Every structure is written in structure tokens, then in C-alpha cells.
Amino acid sequence: MDSVDKALAVVCAAANLSMAAVLLVKSRGGTTVPRIFGRPQHLPRLRAVMHACLGLGLGVGWLVKDVFPPRSTGDTVVYNVVRVLLVAGLITALWGAFRHPRSLSDKAAR
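Summary of the structure given here. (Residues numbered from 1 in each chain as written. Predicted model: local features only at pLDDT ≥ 70, side-chain atom pairs only at ≥ 80, totals over all residues. Heavy atoms only, no water.)

Section: unusual backbone geometry
For step 1, the next point in the chain: In this model, R71 sits at a positive phi of 60°, which is unusual for a non-glycine residue.
For step 2, the next point in the chain: Examined against the element boundaries, R71 turns out to sit in the loop between α2 (44–64) and α3 (73–99). (Helix = DSSP H or I, 4+ residues; strand = E, 2+ residues; numbered from the N terminus.)

Here you go:
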């Protein structure tokens, strides 16, 4: 793995995991709707789970993919765990998008 790949993997993992942490901290355990960059972030715990899954799946999975030799048991396990994390991130993103549709006032504000 090149140094650029490692840097991108670390940045991806750090960005997603820090976003998950910010959502959890600003939501005060899910009791309030936090505002990030002036916009309300509905379903903060669900979004935090999505960012955690994406950070672990993309960033950390990218970092550990070359630890094990190809076609070994460890490589297969890492591949399957990363795949599960990315699918979980996609499902939570879709769930959040369909669970909280935009109201007409949000569209009119743009």
C-alpha cells in the first residue's frame, strides 16, 4: 500500500469517526437535534452509527486489507467484516433518509 493510500484511509476513518463523535456529543445522548454548519441534524444517533460504520469499513478496512496474505482466512474475515460494515452504513443512511423526509419549509428555505 502506498503512502497516499494510507493517508487517505486514515483521513477517511478519522473524518467519519469524528463526525460520529460530534453527532453523539451535540445530541446530548439523542435528546436534542444538533445543528452542524447551521443545519439541523435529525436522527443524530442513526447518523452517528452510519458514520461509524463508514469510518470503520472504509478507513480501517482499507488499512488492514494488506495485513493478511491474499486468499487466507484472515483476509476473508476482514473482507466479510468490511462488507458487513459498509452494508450497515448504507442501510442506516437509507433508513435515515426515508425516515425523516424534508418538509416543504426546508425546501422553500433554499
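Let's talk about α3
For step 1, the next point in the chain: Between its first and last C-alpha, α3 extends 38 Å over 27 residues, near the 39 Å set by a 1.5 Å rise per residue.
For step 2, the next point in the chain: Among all positions in α3, only G74, V78, V82, G89, T92 and G96 are buried.
For step 3, the next point in the chain: Looking at the buried residues of α3, the elements they touch are α2. (Expected span 1.5 Å × (residues − 1). Buried < 20%, exposed > 50% of the residue type's maximum accessible area, 1.4 Å probe, protein only. Contact = heavy atoms within 4.5 Å.)

What about the side chain of H51?
For step 1, the next point in the chain: The residue H51 is located in helix α2 in this model.
For step 2, the next point in the chain: Within polar-contact distance, the side chain of H51 engages the side chain of N16 at 3.1 Å.
For step 3, the next point in the chain: Not counting the four nearest positions on each side in its chain, H51 is found in contact with N16, L17, M19, A20 and L23. (Polar contact = N/O pair within 3.5 Å; in protein donor to acceptor, adjacent residues only side chain to side chain.)

Considering the packing of helix α1 (residues 3–26) against α2
For step 1, the next point in the chain: Contact pair α1 / α2: the axes reach a minimum separation of 8 Å and the direction vectors enclose 165°. Accordingly, the angle class assigned to the pair α1 and α2 is roughly antiparallel. Where α1 crosses over α2, the two elements pack in a sense that is left-handed.
For step 2, the next point in the chain: The residue makeup of the contact of α1 with α2, split by class, is 19 nonpolar, four polar and four charged. (Axes fitted to C-alpha atoms, helices over the stretch in contact; angles between N-to-C directions. Parallel < 35°, antiparallel > 145°, perpendicular 65-115°, else oblique. Left-handed = near helix turned anticlockwise from the far one by under 90°. Nonpolar A, V, L, I, M, F, W, Y, C, P; charged D, E, K, R; others polar.)

Everything listed here is a matter of coordinates, which is why it stays silent on function.
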